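# A structural walkthrough
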Amino acid sequence: MRRWIACVFLLGGCASPVLPRLMRQGDAYELHQLGSRSYAFIVRSGKTDEIGSNSGFIVSGRGVVVIDTQISKEAEEMMLREIRAITSLPVTHVIDTHWHDDHVLGNGAHGMDVRILAHRDSLERMKEEASATRLPDVPVTEDTSLFDGEDRVDILAIGRAHSVGDVAVYDPVDRVMFFGDAYVRGYVGYLGEAFLREWIAGLDRALRYDIRVAVPGHGRLGGVEFAREYREYLRDFLVTAREHFRAGGAPETYVLPEKYKRYGARFFLKDNVQRAFELWKAGGLDSTD
Ligand SMILES: [Zn+2]
Ligand SMILES: [Zn+2]
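The model shown is predicted, which means the values in this text are computed figures rather than measured ones.

At a minimum axis separation of 10 Å, helix H6 (residues 196–206) and helix H7 (residues 224–246) run at an interaxial angle of 155°. Comparing their axes, H7 and H6 come out roughly antiparallel. In terms of crossing hand, the pair formed by H6 and H7 is left-handed. For the pair H6 and H7, contact is made by Leu196, Trp199, Ile200 and Leu203 and by Arg231, Leu234, Arg235 and Leu238, respectively. Classifying every residue of the contact of H6 with H7 by side-chain character gives six nonpolar, no polar and two charged.

Where H7 meets helix H8 (residues 269–281), the axes come as close as 10 Å, and the angle between the chain directions of the two elements is 65°. As the angle between them shows, H7 and H8 are arranged roughly perpendicular. Helix-helix and strand crossings are classified by hand; for H7 and H8 the assignment is right-handed. Between H7, through Phe237, Ala241, Arg242 and Phe245, and H8, the contact on the second element is made entirely by Val273, Ala276, Phe277 and Trp280. Each residue belonging to the contact of H7 with H8 can be placed in one class, and the counts come to seven nonpolar, no polar and one charged.

Let us now look at the environment of Gln70. Here Gln70 shows up in the loop between strand S5 (63–67) and helix H3 (73–86). Accessibility expressed as a C-beta count within 10 Å gives 29 for Gln70, which makes it buried. Spatially, the C-alpha atom of Gln70 lies 20 Å from that of Ala161, the residues being 91 residues apart in sequence. Among all residues touching Gln70, those that are not within four sequence positions of it are Ile51, Gly52, Ser53, Ser55, Ala75, Glu76, Met79, Leu105 and Gly106.

Before going further, it helps to spend a moment on the sheet that holds strand S8 (residues 138–140). One open sheet accounts for eight strands, arranged S1-S2-S3-S4-S5-S6-S7-S8; its pairing is mixed. Strand pairing shows two members of the sheet lacking a second neighbour, strand S1 (21–25) and S8, which therefore form its edges. Here the average twist between neighbouring strands, direction ignored, is 20°. As defined by bridge partners, strand S2 (residues 29–33) adjoins strand S3 (residues 38–43) across five bridges and the pair is classed as antiparallel. Bridge pairing in S3 places Gln33 opposite Tyr39. Seen against the sheet, H3 touches S2, S3, strand S4 (55–60), S5 and strand S6 (91–96) and runs at an angle of roughly 25° to S4. Sheet contacts for helix H5 (residues 120–129): S6, strand S7 (115–119) and S8; angle to S7, the most-contacted strand, approximately 105°.

Residue placement: Leu146 occurs in strand S9 (residues 144–146). In this structure Leu146 comes out as buried when scored by C-beta crowding, with 20 C-beta atoms within 10 Å. A sequence separation of 42 residues divides Leu146 from Val188, and the C-alpha atoms of the two residues are 32 Å apart. Excluding anything up to four places from it in sequence, Leu146 contacts Val65, His93 and Val153.

Compared with an ideal rise of 1.5 Å per residue, which puts 23 residues at 33 Å, H7 spans 33 Å between its outermost C-alpha atoms and is within 8% of the ideal. In the core, the buried residues of H7 are packed alongside H6, strand S13 (213–215) and H8. Taken from the residues just after H7, Gly248 is the one with a positive phi, measuring 90°.

Rules used in this analysis
Residues numbered from 1 in each chain as written. Chains lettered and ligands numbered in written order. Predicted model: local features only at pLDDT ≥ 70, side-chain atom pairs only at ≥ 80, totals over all residues. Axes fitted to C-alpha atoms, helices over the stretch in contact; angles between N-to-C directions. Helix = DSSP H or I, 4+ residues; strand = E, 2+ residues; numbered from the N terminus. Parallel < 35°, antiparallel > 145°, perpendicular 65-115°, else oblique. Left-handed = near helix turned anticlockwise from the far one by under 90°. Contact = placed C-beta atoms within 7 Å. Nonpolar A, V, L, I, M, F, W, Y, C, P; charged D, E, K, R; others polar. Buried ≥ 20, exposed ≤ 12 C-beta atoms within 10 Å, placed from the backbone. Pairing = 2+ DSSP bridges. Expected span 1.5 Å × (residues − 1).

This is the structure:
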């Protein structure tokens, strides 16, 4: 009896497997099953050069929706092989969460029968940079959905946040949010192009969804609490940078709060603080917060 109670209360029932679970480990990536139809393709530690960023896919009843396409066509092919091993359904859509190379350079691995969506402003940046192996063909400017009924996949048009045009993808069946780089776990993140106020507001909107698994653009999978922690980090960075500049401090003398010392990728800090300084000068850090 006690064991049965433990099953029900700790595992959500013994009949279904505990998810997410690690399905397979490649040399450079891990494939995790997140629910009945959502999967995450996670970069293994130290393999960022080969894969680039975390991505994933949703096997809906009417086709597979891919979220981000790695750093190269070769890396995207690795994920496509995993998709083919899971389902015979074709990939119908790719969603680029934003324009940065480590998330979109595998676009060219998809045939022209696959629709590629991205925020309109990220699409414009991809045209300017001319680095895309294939440009998106469907610009997104507002929240929208692919398919309907039990096949539905939601797209959140976050807009200015980590980049000039971010989108996040939500699976309402498995309650999974694919954040792109609007949320990274355990890193200071690249804030050199950030719109901090809008980013925090965008995350607040995304965090109102019922989220069981939060897939970060970089870093380990986890529950929604880790995405909330990143939102607090962004707010703390905004507030402490603003106070520092208000008091006459230079970007070079800003020090990140002690509690974030454990965050990695600190080589981004210089760019991040410089960006905060530019935003502050333009009034872009003002808020009542
Ligand atoms: Zn990025
Ligand atoms: Zn990234």
